[in-house]
Amino acid sequence: MNVVLGISGGIAAYKAPDLVRRLRERGADVQIVTTASAEEFVTSTALQAVSGRPIRSNLWDKEAEAAMSHIELARWADVVLIAPATAEVMARIVSGGAPDLLTTICLATEAPIALAPAMNHVMWSNQATQANRDVLEKRGIHILGPGIGSQACGETGAGRMLEPDAIAAAVFSLTGAQIDGLLKGRKVVITAGPTREAIDPVRYITNRSSGKMGYAIASAAAAQGADVVLISGPVNLAEPPGIEVIKVESAQQMYEATHNVIRDADIFIAAAAVADYRPASVVAQKIKKKDEAMRLELVRCPDILASVAALPTAPFTVGFAAETDKVIEYARGKLEKKKLDLIIANRVGDNCGFDRDDNTATALWQNGEQSFPTCSKSDLARELIELVAQHFYAVRSADT
Ligand code: C5P
């Protein structure tokens, strides 16, 4: 897929090199077009290094125009993406003017156009910007985000540029382009998040899992071209673009949803924190308090991971071992007991593991292991998916 990536002058432009990498790892060719103010935030040297192509910015650059004119560039694009898109560039596109190379390409292209706005939250909520957003959407331009959160100006609100990985995923998803990655054409089923085991109509047993690791793994697998089915317990996370998400609550529902889709899967990754026990029966009415103490009888939940690994034609099966102590020893025990191809061990509790944005992990397999230093869950997910793909193909070639 040919992407014309327009970069306009907002502080989020510092994320542009990462966005280029996320687009290129999915197989895109990226031609960067900067506005004059973008160059205040990110150097053309950095952008040229990551994109592998000279940067275009000037409509009147005779040499560049001779090589590929702005009209040819507009035709070359399968999609025009502007990230970050400032309030100013949005307004310029709405006006229909073409004072610079980027807006000229927007007028001259027949390819879909996507904008990832990034600006101070007051600028974003300003009536003028909102009216411009409305016009752009009515014209069929895709608006990606913005996200809500802390901003470079020190304030908090709506106006943050979406993360580069989410933008790259959204662009591939909206164009329907095939991602050319390590897992192209492979079906990967992933469980994520906690489960909820009902006690009565208003109460349940659950755990501290946020689902962040499983969702990051799902995005990383999709970024490598996999067809991902994400079976998710209750979480507070946005559905990743281009991924089929099946929402469940209980361990039993997660078990059934998994077995409904697992038959033709190549890889199964169990990142969910599934309850080991659930109440023996769900009380129909809300339980009233009576005595000083009460007993709750619990029974075992089905072990989804072990049940998939035991299938006669099991996919390549990856488990997680979240432990508070003896992390590696317990994980190796699980690898063998559950007959897994790979297990990812990580420490939880005491400010690590659950409900955080970073993680530390060790991957273990029958004859080896590899440790990953602490990094963001999305970086870790990318590395884990590469490792999973490498082992998956090694096992398959040994089988044939
Ligand atoms: O045995 P333990 O629960 O510690 O194993 C953790 C691994 O097993 C994780 O990959 C988790 O997703 C999976 N699991 C499961 N079904 C359960 C319990 C755990 O799939 N009922």
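Reference entry: report on the structure contained in this document.

What counts as what
Residues numbered from 1 in each chain as written. Predicted model: local features only at pLDDT ≥ 70, side-chain atom pairs only at ≥ 80, totals over all residues. Heavy atoms only, no water. Near = heavy atom within 4 Å. Polar contact = N/O pair within 3.5 Å; in protein donor to acceptor, adjacent residues only side chain to side chain. Helix = DSSP H or I, 4+ residues; strand = E, 2+ residues; numbered from the N terminus. Nonpolar A, V, L, I, M, F, W, Y, C, P; charged D, E, K, R; others polar. Pairing = 2+ DSSP bridges. Axes fitted to C-alpha atoms, helices over the stretch in contact; angles between N-to-C directions. Contact = heavy atoms within 4.5 Å. Salt bridge = Lys/Arg side-chain N within 4 Å of Asp/Glu carboxyl O. Buried < 20%, exposed > 50% of the residue type's maximum accessible area, 1.4 Å probe, protein only.

Here we come to the site of the ligand. Neighbouring residues of the ligand: 13 residues in total, closest Ala270, Ala272, Pro302, Phe320 and Lys334. Here an oxygen atom of the ligand sits 2.7 Å away from a polar atom, N or O, in the main chain of Phe320. Among the elements of the structure, helix H12 (304-309) and strand E16 (316-323) are those that each provide at least two residues to the shell around the ligand. Of the residues contributing to the shell around the ligand, the split by class is eight nonpolar, one polar and four charged.

Overall, mixed pairing links the eight strands, which are arranged E12-E11-E8-E13-E16-E17-E18-E19 in an open sheet. Of all strands in the sheet, those bounded by a partner on one side alone are strand E12 (244-247) and strand E19 (368-376). Between one strand axis and the next, the sheet turns through 15° on average, direction left out of account. As paired elements, strand E17 (residues 342-347) and strand E18 (residues 358-365) share three bridges and run antiparallel to each other. Bridge pairing links Ile343 to Leu364 in E18. The strands touched by helix H14 (residues 377-399) are strand E13 (267-270), E16, E17, E18 and E19; relative to E19, the strand with the most contacts, the crossing angle is about 160°.

Here the idea is simple: oppositely charged side chains can pair when their charged atoms come close. Scanning the model with the defined rule gives 22 salt bridges in all. Glu137 is the partner of Arg133 in a salt bridge, and the nearest nitrogen-oxygen pair spans 3.0 Å. Here Arg133 pairs with Glu137, and both are found in helix H8 (residues 127-138), just four residues apart, close to one helical turn. Its relative accessible area of 22% is what places Arg133 among the partly exposed residues. Arg382 is paired through a salt bridge with Asp165; the nearest N and O atoms lie 3.9 Å apart. You can see Arg382 sitting in helix H14 and its partner Asp165 sitting in helix H9 (residues 164-175), a full 217 residues away along the chain. Taken as a pair, Arg382 and Asp165 share a single burial class, namely buried. Within the structure, one salt-bridge network assembled from shared partners comprises Asp18, Arg22, Glu25, Arg26, Asp165, Asp379 and Arg382.

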